[in-house]
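Residue-level structural notes
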Amino acid sequence: MRNKARFFLGAGLAALGLRLLLVVYFPAIVDDSRFYADIAQNWLRHGVYGITNSGVITPTLSRLPGYPAFLAVIFALFGVGNFRAVLLVQVTFDLATCFLIADLARRLFGDRAAKAAFLLAGLCPFLANYAAAALTETLEIFFTTLAFDVAFRGLRIGEMGTLEPPQAPSYIVWLVCGLSVGGSILLRPDGGILLAAIGGYLLWLLARTLHAGHRGVISPRTIFLAGLLVAAGAAAPLVPWTLRNLHTLHRFEPLAPRYATDSDEMVLNGFNRWVKTWIAEYVSVQEIYWAVPGAEIDITKLPQRALDSQQQRERTIELISDYNRDHDMMPELDARFAALAAERIHSAPLRYYVWLPALRIADMWLRPRTELFPSDPRWWEFNDDRRWLTVSLGFGLINLAYAVTAFAGWLRGREFFGMGLFVLFLLLRSVFLGSLENPEPRYTLECYPVLIVLASACFHRRA
């Protein structure tokens, strides 16, 4: 930065301008934002980590405490309900993420790649878009990138993909890496994938070093202790949360429930499993999955793959009609959906276990990331307002460009030490996301720092 101050100043101002533009004109304060804010306000004003239900504050474990704690700090400093301050602070975190991405690229591919990575991150409309949304994504991406950057420092990965000269291991670096992973997990439970990726990569390094007869640059003892410190650092922030849940709600819950439900809420296992037998795209999440319970299900929005036969069509219509009568999912109705799901899985197991997860992964990676804008999610029907249709098509092309450039960068720099950690993280996260019944594009945003670093390899000059 000292040598290229003019570049980083100009690119940084452009990145800041893009984010401020979105904060001013397209701030996203959604239902989840208000839910988190309600917890933060009750925590701040009444000392209760809970939600307001008919005027009564009820303790909750449906959301991890990372983002409510962040909101509580902002509200304490700038006023309760001040979402503008929240978004502005998130902008600073997102800009810090851009510098961390640039440092990762510098360590792997050199200064030229670092400049390219900073520009790609700073002008990325998807990272900027979520900096203007009162949701967990921006902080989650920051802690994910920080964990990677600290891990690369712990692995002594220096400039141009080489290793720095051997030196005494700095175990504090690995503890910081673990705490960064812990920060990620405190925001969203799927932050645990980051722990699995880093732990898995260290395990692979340990096995390779032992196989080579201890001739690696990093000793087996150092790798083993690094893994322990990462695990300890990741688990430490979860201890108070787990103890609180045991003491207050008498339930062992170190993370958050799978469907973000409280103890007294019904989990729609049958309905969720039925949805998972046909859902493959985000538009179905908006139109059907989020509608239940409480809103009408439009049978005409179901894709053809949800209705395998005339008999199945009639059963599905009957179930949806029964639900639409009062928009409530009773246990008996949920069990009927479960029976239909079991029948569909039995008749087409490959579709359920292979093809649909693959389609969900592809949809989350490749669809236009316009869910925070008033764009029509059915953009391919080309009946949206011309301006928003242009935004959808433009965002789709930009997203595709990032993915293609990242793949090209991986081909160019796949032999560099440390690239395996990135690949493992992308694979683990993609496989996990394919197992969900709600394919939302935002779930792949945590991978964007990795995509950008990989893309920066295209700008690396080979010696």
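Residues numbered from 1 in each chain as written. Predicted model: local features only at pLDDT ≥ 70, side-chain atom pairs only at ≥ 80, totals over all residues. Heavy atoms only, no water.

Our focus in this paragraph is the confidence of the model for the chain. Residues at a pLDDT of 70 or more form 96% of the chain, whose mean pLDDT is 92. Overall, residues 159-166 carries pLDDT values under 50, and its contacts beyond four positions in sequence, including any with other chains, amount to 26 contacts. (pLDDT = per-residue confidence, 0-100. Contact = heavy atoms within 4.5 Å.)

In this section: the packing of helix 5 (residues 111-122) against helix 19 (residues 448-456). Where helix 5 contacts helix 19, the two axes come as close as 8 Å, and the packing angle between them is 140 degrees. Between helix 5 and helix 19, the angle falls in the class oblique. Considering how the two elements wind past one another, helix 5 and helix 19 form a crossing that is right-handed. The segment helix 5 lies against helix 19, with A113, A117, L120 and A121 engaging I452, A455 and S456. Residues that form the contact of helix 5 with helix 19 fall into these classes: six nonpolar, one polar and no charged. (Axes fitted to C-alpha atoms, helices over the stretch in contact; angles between N-to-C directions. Helix = DSSP H or I, 4+ residues; strand = E, 2+ residues; numbered from the N terminus. Parallel < 35°, antiparallel > 145°, perpendicular 65-115°, else oblique. Left-handed = near helix turned anticlockwise from the far one by under 90°. Nonpolar A, V, L, I, M, F, W, Y, C, P; charged D, E, K, R; others polar.)

Before going further, it helps to examine a nonpolar patch on the surface. Taken together, the side chains of L21, V24, Y25 and F26 define a hydrophobic patch exposed on the protein surface, amounting to about 400 Å² of accessible area. Position of V24 among the secondary structure elements: in helix 1 (residues 5-25). On the basis of relative accessibility, which here comes to 47%, the residue V24 falls in the partly exposed class. (Patch = residues over 30% accessible without salt bridge, like charges linked within 9 Å, V, L, I, M, F, W, Y side chains within 5 Å. Areas by Shrake-Rupley, 256 points an atom, 1.4 Å probe, with all protein chains shown as cover. Salt bridge = Lys/Arg side-chain N within 4 Å of Asp/Glu carboxyl O. Buried < 20%, exposed > 50% of the residue type's maximum accessible area, 1.4 Å probe, protein only.)

Here the amide bond leading from V292 into P293 is cis, since omega sits at -10 degrees, within 30 degrees of zero. Residue position: P293 is located in the loop between helix 13 (282-287) and helix 14 (310-326). The backbone of S54 sits at a positive phi, close to 55 degrees, despite the residue not being glycine. Checked against the element boundaries, S54 lands in the loop between strand 1 (50-53) and strand 2 (56-59).

The geometry of helix 1 relative to helix 4 (residues 83-109) is characterised by a closest axis approach of 10 Å and an angle of 150 degrees between their N-to-C directions. As judged from the angle between their axes, helix 1 and helix 4 are roughly antiparallel. As helix 1 packs across helix 4, the resulting crossing turns out to be right-handed. Facing F8, G12, A15, L16, R19, L20 and V23 of helix 1, the residues of helix 4 in contact are R84, L87, L88, V91, D94, L95, C98 and F99. Looking at the contact of helix 1 with helix 4, its residues break down into 11 nonpolar, one polar and three charged.

Turning our attention to the pairing of strand 1. Across four bridges, strand 1 lies against strand 2 in antiparallel orientation. Counted as the bridge partner of N53 is V56 from strand 2. (Pairing = 2+ DSSP bridges.)

All right, on to helix 11 (residues 238-249) then. With 12 residues, helix 11 should cover 16 Å at 1.5 Å per step; its first-to-last C-alpha distance of 16 Å lies within 8% of that length. Buried within helix 11 we find L238, W241, T242, R244 and N245. Projected down its long axis, helix 11 shows its buried positions confined to an angular sector of 160 degrees, all on one face. For helix 11, exposure combined with an orientation more than 90 degrees from the buried face picks out P240, L243 and H247. Contacts made by the buried residues of helix 11 are with strand 2, helix 8 (171-187) and helix 10 (220-235). (Expected span 1.5 Å × (residues − 1). Arc of directions from axis to C-beta.)

Before going further, it helps to examine the environment of A455. Within the fold, A455 resides in helix 19. The exposure class assigned to A455 is buried, which follows from its relative accessible area of 1%. Separated by 338 residues in the primary sequence, A455 and A117 have C-alpha atoms spaced 7.5 Å apart. Residues contacting A455, with those up to four places away along its chain left out, are L120, T405 and A406.

As a further point, take the environment of A408. Checked against the element boundaries, A408 lands in helix 17 (residues 386-413). Each C-alpha atom, one on A408 and one on S456, is 9.6 Å from the other, the two residues being 48 residues apart in sequence.

All right, on to the pattern of salt bridges then. Within the structure shown, the criterion is met by 24 salt bridges. The shortest N-O distance in the salt bridge between R63 and D32 comes to 3.7 Å. One end of the pair, R63, is in the loop between strand 2 and helix 3 (66-78); the other, D32, is in helix 2 (residues 31-46), with 31 residues separating them in the sequence. You can call R63 buried: its relative accessible area is 15%. Residue classification places D32 among the partly exposed residues on the basis of a relative accessible area of 29%. Within this structure, E137, R188, D190, R429, E440, R442 and E446 form a network of salt bridges that share partners.

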